[in-house]
Amino acid sequence: MPNKNKNVYSSQTFVQVEQGVTMSRSDDPLPFRIVDDGEHRKSSRKFHPTRPAKAQNPGGFIAPGGILGAIGGTPLVQLQKIFGASHFNCFAKLEGLNPGGSSKDRPSVAIIEGALQTGEIDSDTLIIEASSGNTGIGLAQVCAYHGLRFRCFVDPKVTKQNLDILAAYGAEVEMIENPDSETGEYLPAKLKRIDEILSKVENSFWVNQYASLENARAHYRSTIKEILRDLDGRMLDYLFIATATCGTIKGCLDYLKDHGYPTRVIAVDALGSQIFSNHKHDRLVPGLGSAICPKLTPTDGVHKYIHVTDIDCVAGCRRLARTEAILAGGSSGGVISAIDRMSKEIPENATVVALLPDRGERYLDTIYCDEWVRENLGDIAHRWSKAVKES
């Protein structure tokens, strides 16, 4: 097995020999303790988990602390109510507790600070990216901290709250009013505008979240390691990840494959997304799915992909808020609904992790607004009210 690990596993046990770590699956709902976790439990870190190590720093750039030092290390909590009657144990990785509010903080700091380290950007560089949500906010936060100029290309689907947050960080915002004439999607139109800026502004830097390997590496270096560490010895049987740029799923999947874990990774995609299908369908919930197939899309290793609807996302969010008191964003609701849909396939006593990408305050005017839901999706309150009573 790669990286000098040795695995022995059956339907009931899994043992990994690496720095004295022993992992087991048990009928006991309480997690086993890791025998000796080596570097994982050190209280102090010289380098942020999303940043490259010092030996990889060619430019002598010293990554600062401050608010950016708080990115990562988000909690892993057990969901005790929403799947309380189920035969498996489910945990949620709360990425919404990153300082910028989502998992996009990780690649944002990794890409920008990586480019500062290599000298690709300087204090006069114009940073550009297309985003109407979390990536834009994550980049605005990082650029504000470093005193960099950032321009975010958005479309009419962007919420007023996200525009206000971008403005608060000092980001420039350019609205792309019309979708691409060929595809009818806004993303290709935003990418065309980015090409124009790159050709006109010599000192400009495109983040390119859909293709940047640093997007995936940030999650390889931190997110998946945190999950495995915080499971405290449990075997990670199933990992459900929402897809958009595919940075999160690629980073986590690559790490699991490189280290010989037999974890089944489930991709949760939006109906109408072009990542795992060429079928088109209108989408209202932002942050889940993509109008293009990203270069970071895994070509193998995904156990299954599940398409969810806007209704699935709303129902999952409402159930999560009413049962676990977790106010999460739209894609998180899709992840919860995907687990529910697949629950009968999950073995007895399996350990399941749901990666919840962002928090829900930015969706109060949509997903958590009864009037908006009725106007756009119909009367679907039974989708969560019945499930809440049964939980």
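Shown above is the structure to which this text applies.
Residues numbered from 1 in each chain as written. Predicted model: local features only at pLDDT ≥ 70, side-chain atom pairs only at ≥ 80, totals over all residues. Heavy atoms only, no water.

Asker: Explain the sheet that holds strand 8 (residues 204-206) here, please?
Answerer: Strands in a sheet are paired, the pairing made by backbone hydrogen bonds, and the direction either parallel or antiparallel. Pairing is parallel in the open sheet, where four strands are placed in the order 7-6-5-8. Of all the strands in the sheet, just strand 7 (172-175) and strand 8 have a single pairing partner and so form its edges. With strand direction ignored, the average angle separating the axes of adjacent strands in the sheet is 25°. Relative to strand 6 (residues 149-154), strand 5 (residues 126-130) is paired through five bridges, and the arrangement is parallel. Of the residues in strand 6, the one forming a bridge with Leu126 is Arg149. Across the face of the sheet, helix 4 (residues 186-200) comes into contact with strand 5, strand 6, strand 7 and strand 8 while running at roughly 165° to strand 5. (Pairing = 2+ DSSP bridges. Helix = DSSP H or I, 4+ residues; strand = E, 2+ residues; numbered from the N terminus. Axes fitted to C-alpha atoms, helices over the stretch in contact; angles between N-to-C directions. Contact = heavy atoms within 4.5 Å.)

Asker: Can you help me understand the side chain of Glu214 in this one?
Answerer: Within the secondary structure, Glu214 is located in helix 5 (residues 213-230). Side chain to side chain, Glu214 and Arg221 meet in a polar contact 3.0 Å long. In this view, Glu214 contacts Ala110, Ile111 and Arg221; residues no more than four positions away in its chain are not counted. (Polar contact = N/O pair within 3.5 Å; in protein donor to acceptor, adjacent residues only side chain to side chain.)

Asker: What should I look at first to understand the nonpolar core in this one?
Answerer: The biggest cluster of nonpolar side chains holds 42 residues, and the ones touching the most others in it are Leu79, Phe240, Ile339 and Leu356. Breaking this core down by element, the ones donating at least two residues are strand 4 (89-94), strand 9 (238-242), strand 10 (264-270), strand 11 (302-308), helix 7 (310-324), helix 8 (330-342), strand 12 (351-356) and helix 9 (370-377). Setting aside its immediate chain neighbours within four residues, Leu356 contacts Ala92, Lys93, Leu94, Glu95, Gly96, Leu320, Ile326, Ser332, Val335 and Ile336. (Core = buried A, V, L, I, M, F, W, Y, C linked by side-chain atoms within 4.5 Å. Buried < 20%, exposed > 50% of the residue type's maximum accessible area, 1.4 Å probe, protein only.)

Asker: In this structure, what is going on with unusual backbone geometry? I would like to understand it.
Answerer: For residues besides glycine, phi is generally negative; the peptide bonds are generally trans as well. Positioned with a positive phi, Asp232 is a non-glycine residue whose angle comes to about 50°. Its place among the elements puts Asp232 in the loop between helix 5 and strand 9. Judged by relative accessible area, which is 13%, Asp232 ranks as buried.

Asker: Would you mind showing me how to read the pairing of strand 4 here?
Answerer: The side chains of a regular strand alternate between both faces of the sheet. Burial analysis of strand 4 places six of its six residues in the buried class, which makes it a mostly covered element. Going residue by residue along strand 4, you find Asn89, Phe91 and Lys93 tucked away on one face and Cys90, Ala92 and Leu94 tucked away on the opposite face as well. By the bridge criterion, six bridges tie strand 4 to strand 12 in an arrangement that is parallel. Looking across to strand 12, one finds that Asn89 is bridged to Thr351.

The analysis is restricted to geometry; functional conclusions fall outside its scope.
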